[in-house]
Amino acid sequence: MNNSQQRGKTGRSQVRRAELIAIGRKLFAETSYDALSMDDIAQHAGVAKGLVYYYFKSKRGYYLAVVEDSVAQLVARATGEPELPGAQRLRRTVDGYLHYAEHHRAAYRTIVTGGVGSDAEVLAIRDAVREELLAAIAEGAYGRRTVPPLARLALVGWLSGVEGTTLDWTGSPEGEAGDGGRPDRSAVAGLLVRQLRATFTVIEGLVPECPAPPVSPEEASSAPDDHGNPVPVT
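Residues numbered from 1 in each chain as written. Predicted model: local features only at pLDDT ≥ 70, side-chain atom pairs only at ≥ 80, totals over all residues. Heavy atoms only, no water.

1. Digging into the overall build of the chain
Turning to step 1, where the next piece is worked out: Looking only at helices and strands, the chain features 9 helices and 0 strands.
Turning to step 2, where the next piece is worked out: Counted from the first residue to the last, the chain has its helices and strands arranged as α-α-α-α-α-α-α-α-α.
Turning to step 3, where the next piece is worked out: In the chain, which comprises 234 residues, the proportion classed as buried is 40%.
Turning to step 4, where the next piece is worked out: Considering only intrachain contacts with a sequence separation of at least 6, the fraction spanning at least 24 residues in the chain is 62%. (Helix = DSSP H or I, 4+ residues; strand = E, 2+ residues; numbered from the N terminus. Buried < 20%, exposed > 50% of the residue type's maximum accessible area, 1.4 Å probe, protein only. Contact = heavy atoms within 4.5 Å.)

2. Observations concerning a nonpolar patch on the surface
Turning to step 1, where the next piece is worked out: Side chains of L150, L153, V202 and L206 sit close together on the surface and give an oily, nonpolar patch of about 400 Å² of accessible area.
Turning to step 2, where the next piece is worked out: Looking at the nonpolar patch, the elements with two or more residues in it are α8 (149-170) and α9 (185-206).
Turning to step 3, where the next piece is worked out: Note on placement: L150 falls in helix α8.
Turning to step 4, where the next piece is worked out: L150 sits in the partly exposed class, given a relative accessible area of 46%. (Patch = residues over 30% accessible without salt bridge, like charges linked within 9 Å, V, L, I, M, F, W, Y side chains within 5 Å. Areas by Shrake-Rupley, 256 points an atom, 1.4 Å probe, with all protein chains shown as cover. Salt bridge = Lys/Arg side-chain N within 4 Å of Asp/Glu carboxyl O.)

3. Overview of the confidence of the model for the chain
Turning to step 1, where the next piece is worked out: Averaged over the chain, the pLDDT score is 83; the fraction of residues at 70 or greater is 83%.
Turning to step 2, where the next piece is worked out: Every residue in residues 1-7 is under pLDDT 50, and counting partners more than four places away or in other chains gives 2 contacts.
Turning to step 3, where the next piece is worked out: A low-confidence stretch, residues 222-234 (pLDDT under 50), is modelled with 27 contacts involving residues beyond four sequence positions or located in other chains. (pLDDT = per-residue confidence, 0-100.)

4. Here's the deal with the nonpolar core
Turning to step 1, where the next piece is worked out: Residues F56, Y97, L98, L155 and F200 are the most contacted members of the largest nonpolar core, which totals 60 residues.
Turning to step 2, where the next piece is worked out: Setting aside anything within four residues of it in sequence, one finds L155 in contact with L134, I137, V147, L196, T199, F200 and I203. (Core = buried A, V, L, I, M, F, W, Y, C linked by side-chain atoms within 4.5 Å.)

5. Structural notes on unusual backbone geometry
Turning to step 1, where the next piece is worked out: Positive phi, normally seen in glycine, also occurs at K57, with a value near 75 degrees.
Turning to step 2, where the next piece is worked out: Within the secondary structure layout, K57 lies in the loop between α3 (49-56) and α4 (59-78).

6. So, the pattern of salt bridges
Turning to step 1, where the next piece is worked out: Counting across every chain of the model gives 14 salt bridges.
Turning to step 2, where the next piece is worked out: Where R60 meets E121, a salt bridge forms, and the shortest distance between an N and an O atom there is 2.5 Å. Here the residue R60 occupies a position in helix α4, and E121 occupies one in helix α7 (residues 120-142), the gap between them amounting to 61 residues.
Turning to step 3, where the next piece is worked out: When its relative accessible area of 42% is taken as the criterion, E121 is described as partly exposed.
Turning to step 4, where the next piece is worked out: One salt bridge in this structure joins D127 and R130, with 4.0 Å as the shortest N-O distance. Highlighted residues: D127 and R130, both in helix α7, separated by 3 residues, approximately one helical turn.
Turning to step 5, where the next piece is worked out: Using a relative accessible area of 23% as the deciding quantity, one classes R130 as partly exposed.
Turning to step 6, where the next piece is worked out: In this structure, a network of salt bridges that share partners links the residues D95, E102, R182 and R185.

Here's what the structure looks like:
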């Protein structure tokens, strides 16, 4: 087999694997891990069971591949547009994070809660995601991916709050926010950005070498209040 043929075979394999992972995201979102068999997966994918084993070795391997792919999508969505000025990038990071969670609720919940029975390998994947998001926030705020330990702890606390808020938000019923329904993504992003801004202020007071970044034009009018009026960030 020449190099061109080998590349073509590899490309087709990557496409097939990606197709199986996409099917897995849908299956694991609709059916519990224990309720799915490899026969079920193969039937839904329209392929021989041996092909699923060929790519993933086992159901657990398939599940972890789906989680890892979901994580990659979350990180890509949250850390895109690195060319933006730091303050704008922070807002885009928060909005991208919420966009992913809103459109991939089951995958997001798996990532944040640690998967089936708090799976150790999924927890490790989740921790890696957290570290990448913390680094992206630090880079947007301070121009570097690492910060002193106390500043990092403050950002970890904020990110933990983001996860809890996002889980509750994505689990809320649809409807008008004023009627007790789920607020829209822009309002939640505004809330989280304001909380992040407060965290930066706390960090600046405790870690002088980490001054709070300037407010971006996008933050000048943050989340609307209960009456739909813009609330300026201070």
